[in-house]
Amino acid sequence: MRIITGKARGTKLNTLSGEATRPTAERTKEAVFSMLQNEIAGARVLDLFAGSGQLGLEALSRGAKYAVFNDSSREAVAIIRANVEKTHFADACEILSTDWKPVLRRFSGREKFDLVFLDPPYAGGFLPKVLAEMVEKDSLAEDGIIVCESADEGDVFGGNEELKNQFRIRRVARYGAACVTVLEKGGNDE
């Protein structure tokens, strides 16, 4: 796993060993950043289930202003810290080690994010809960984008039509085992 392009291009990143985390595949990461390439410069980024931190670090390498990384695993946070050091982005990062809800609560009313990466454990059913909390805490900037990674091309909203109406689905694409859903703030034009 490496940084694809930008200031830290080619930097090899550390990953967690074992099956506890599932890093985003290179092909998936390349596709996601190709979709977002014109919207990263100066962005405030939240990588909420950060794992190794590779998505937020790729955004920083491509010109994002700063990134908040969070993972509830202390091992993952140690890997994130090591990767931040390797990429020399320590001045542009905040690293947290907690559950996802306190992170959204912490920034509520204080900070809105331009780009949010949500790649939680697939089996946990987290995405609808996190999206609902983000709406409640008004966590997304006006032109903000959320990139969700899941196992299914199914509904990231868990069947909640009211929640779905808070977002516009920009794109849904499958890359191997991962399904990427890109959301924007605002209702669907259906």
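Bear in mind the structure is a predicted one, so any value in this text is a computation, not a measurement.

**A word on the pattern of salt bridges**
- For the structure on display, the rule yields 13 salt bridges.
- The closest approach of N and O atoms between Arg106 and Glu94, which form a salt bridge, is 2.7 Å. With Arg106 in helix H4 (residues 100-107) and Glu94 in strand S3 (residues 93-96), the pair connects residues that are 12 residues apart, well separated along the chain.
- A relative accessible area of 38% means that Arg106 is categorised as partly exposed.
- Residue classification places Glu94 among the partly exposed positions, given a relative accessible area of 25%.
- Between Arg168 and Glu184 there is a salt bridge, with the nearest N and O atoms lying 2.5 Å from each other. One end of the pair, Arg168, is in strand S6 (residues 167-175); the other, Glu184, is in strand S7 (residues 178-185), and 16 residues separate them in sequence.
- Exposure remark for Arg168: the relative accessible area of 28% places this residue in the partly exposed category.
- Among the residues examined, Glu184 registers a relative accessible area of 15% and is labelled buried.
- Where salt bridges share partners, they join Glu39, Arg168, Arg170 and Glu184 into one cluster.

**Some details on the packing of aromatic side chains**
- For the coordinates displayed, the defined rule picks out four aromatic pairs.
- Between the aromatic rings of Phe49 and Phe126, the centroid separation amounts to 5.7 Å while the plane-to-plane angle is 55°, which identifies the pairing as tilted. Of this pair, Phe49 sits in the loop between strand S1 (44-47) and helix H2 (54-61) while Phe126 sits in helix H5 (residues 126-137); the two residues are 77 residues apart in sequence, bridging distant segments of the chain.
- Ring geometry for Phe157 versus Phe167: centroids 5.9 Å apart, planes at 25°, classification stacked. With Phe157 in the loop between strand S5 (140-150) and helix H6 (161-164) and Phe167 in strand S6, this pair connects stretches of sequence that are 10 residues apart.
- One cation-aromatic arrangement involves Lys129 over Phe126; the distance from NZ or CZ to the ring centre is 5.8 Å.

**Overview of the packing of H4 against H5**
- For the pair H4 and H5, interaxial distance at closest approach is 10 Å and the crossing angle is 15°. The orientation of H4 with respect to H5, classified from their angle, is roughly parallel. Handedness of the crossing formed by H4 with H5: right-handed. For the pair H4 and H5, contact is made by Trp100, Lys101, Leu104 and Arg105 and by Phe126, Lys129, Val130, Glu133, Met134 and Lys137, respectively.
- Partitioning the contact of H4 with H5 into residue classes produces five nonpolar, no polar and five charged.

**Re the nonpolar core**
- Counting residues in each nonpolar core, the largest one holds 59 residues, and the members touching the most others are Phe69, Phe117, Leu118, Leu131 and Ile146.
- Sequence-distant contacts of Leu118, that is, excluding residues within four places in its chain, are made with Leu48, Phe49, Leu127, Val130, Leu131, Met134, Ile146, Val147, Cys148 and Glu149.

**Concerning the state of the cysteines**
- One pass over the full model with this rule turns up zero disulfides.
- The thiol of Cys148 is unpaired, and the distance to the nearest cysteine sulfur, on Cys179, comes to 9.5 Å.

**Some details on the pairing of strand S2 (residues 66-70)**
- When you tally the buried positions in S2, you get five out of five residues, the bulk of the element.
- Neither face of S2 is exposed, since Tyr66, Val68 and Asn70 on one face and Ala67 and Phe69 on the opposite face are all buried.
- For S1 and S2, the ladder comprises four bridges, and the chain directions are parallel. What sits directly across from Asp47, in S2, is Phe69.

Conventions adopted
Each chain has its residues counted from 1, running along the sequence as written. Local features in this predicted model are restricted to residues of pLDDT 70 or higher, and side-chain atom pairs are both shown and tallied only at a pLDDT of 80 or more, whereas totals for entire chains, interfaces and linings draw on every residue. Computation of side-chain values: all heavy atoms of the structure, hydrogens and water removed. Salt bridges are identified by distance alone: a Lys or Arg side-chain nitrogen within 4 Å of an Asp or Glu carboxyl oxygen. Per the convention used, a helix needs a DSSP run of H or I reaching at least four residues, while a strand needs a run of E reaching at least two, with both numbered from the N terminus. Any residue under 20% of the maximum accessible area for its type is buried, any over 50% is exposed, and the rest in between are partly exposed; the area is computed with a 1.4 Å probe on protein chains only. Working definition: a ring pair exists when centres of Phe, Tyr or Trp rings (six-membered ring for Trp) sit within 6.5 Å. Plane angles under 30 degrees give stacked, over 60 give edge-to-face, the rest tilted. Either the NZ atom of lysine or the CZ atom of arginine qualifies as a charge over a ring when it sits within 6 Å of the ring centre and within 35 degrees of the ring normal. Interaxial angle, 0 to 180 degrees, is taken between N-to-C directions of lines fitted to C-alpha atoms, where a helix line uses only the stretch in contact. Angular relationships are summarised with four words: roughly parallel below 35 degrees, roughly antiparallel beyond 145, roughly perpendicular across 65 to 115, and oblique for the angles in between. Here a crossing is called left-handed whenever its near helix is offset anticlockwise from the far helix by less than a right angle, and right-handed whenever the offset is clockwise. Every residue pair with non-hydrogen atoms within 4.5 Å of one another is taken to be in contact. Three classes are used: nonpolar for Ala, Val, Leu, Ile, Met, Phe, Trp, Tyr, Cys and Pro, charged for Asp, Glu, Lys and Arg, and polar for all others, with Gly counted as polar. As used in this record, nonpolar core signifies buried Ala, Val, Leu, Ile, Met, Phe, Trp, Tyr and Cys residues forming a set joined through side-chain atoms within 4.5 Å. By definition, disulfides here are pairs of cysteine sulfur atoms that lie within 2.5 Å. Paired strands, in this sense, are two strands between which DSSP finds at least two bridges.

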